[in-house]
Amino acid sequence: MLIGGYKGQTAWMTAGSGSARWCVAERDGQRFFIKQFLTPVQPSPTAARNETLYRKQLARCMAFERKKRTLYASLRCVIGDCVTPITDFFSFENRYYAVSEYIPTPFDTLETLGKVSARAARELLYALALCLGRLHAQGIVHADLKPEHILILREGDALRVRLIDFDSGFLEDDPPLQAREIEGDPVFLAPETYRCMAGESGTLNRRLDTFAFGAIAHLLLAGAMPDVQSVGHTYLYEAALADTVIPISTALPAVYHWLIRKALAKDPADRPDDAMLERLLATPKDAQHAPTAVETPMKSFFKVDGWRL
């Protein structure tokens, strides 16, 4: 199976992606993940066609390609090894493909990592806050942040975080404008994202990642999501839109309650920014030596001394 200049080595798989399928492929002795987008499909210029429909389909493909190329170019500018960038993007036989680094299996994500200590949970959240800060510094919104999209790499006794799967991602200055362009897991969906999905007007920016961060923080620290069912809702965004007080687990130390409640605020402007998340989660040594957005890649996310939270 040849896909452009890549030779497929596995069958196509759809696990973990509703809008694409992927396989492992080889080129010049290296292995890659290749993702095939299921939509849009380029219209054939030679087939019998309705001219109006053809132009609409072509315009949609051109807009999709422009957004993806711009997003992927920005991903390559993210400081530090905290994202898995797209190394190639092309069209082949009327479909679009994105190529990324092959990460040998098995690997862990926050979904598969299992229970960790309170200290390790805080350190992972600090690492995640650093990654988000570097991503957002390039104007990129992940837009589908959830445990399975947070890769955990082991380096000896240390763990390192990388963000993966930017299918729903966009640039803040070029957000999706149509409901069909907006995706996300309802479990971690921000209220403003749901509103835009429902056709209401609104602004989507980096703070929707902050909402997901709050949910992930609760899940990692308490072992479960906030129990919104106890207050009559199914999802966090529903509780936020209804101005319901989101129940924070009593198993969590009180110092985390403010952070999580603020991150899950209905109004994006009320959520803490990336710098505040980093400061709150950093140990004193981290806070003193935390790299800025213009420094060289991070040597280590994790420290063993002191607590800020």
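Every chain begins its residue count from 1, and numbering advances along the sequence as written. Local features are withheld for residues below a pLDDT of 70 in this predicted model, meaning they are given only at 70 or higher, and side-chain atom pairs are given and counted only at 80 or more; totals for whole chains, interfaces and linings count all residues. Excluding hydrogens and water, the side-chain figures rest on all heavy atoms present in the structure.

Asks: Looking at this model, I keep getting lost on the pattern of salt bridges. Mind explaining?
Replies: Two side chains that carry opposite charge are able to pair once their charged atoms sit near each other. Salt-bridge detection follows one rule: a side-chain nitrogen of Lys or Arg within 4 Å of a carboxyl oxygen of Asp or Glu. Tallying each qualifying case throughout the model produces 16 salt bridges. Where E51 meets R55, a salt bridge forms, and the shortest distance between an N and an O atom there is 3.5 Å. One end of the pair, E51, and the other, R55, are both in helix α1 (residues 51-75), 4 residues apart, so they sit about a helical turn from each other. Each residue is assigned to one of three classes by its accessible area relative to the maximum for its type, calculated with a 1.4 Å probe on protein chains only: buried under 20%, partly exposed between the two thresholds, exposed over 50%. On the basis of relative accessible area, E51 is assigned to the partly exposed category, the value being 36%. The shortest N-O distance in the salt bridge between E172 and R206 comes to 2.7 Å. One end of the pair, E172, is in the loop between β11 (170-171) and α3 (191-197); the other, R206, is in the loop between α3 and α4 (207-222), and 34 residues separate them in sequence. Judged by its relative accessible area of 23%, E172 is partly exposed. Here the residues in one salt-bridge network are D81, E101, R160 and R162, joined through shared partners. Going along the chain from the N terminus, every DSSP run of H or I of four or more residues is numbered as a helix, and every run of E of two or more is numbered as a strand.

Asks: How should I be thinking about the environment of D267 in this particular structure?
Replies: Topologically, D267 is positioned in the loop between α6 (254-263) and α7 (274-281). By relative accessible area, which is 38% here, D267 ends up partly exposed.

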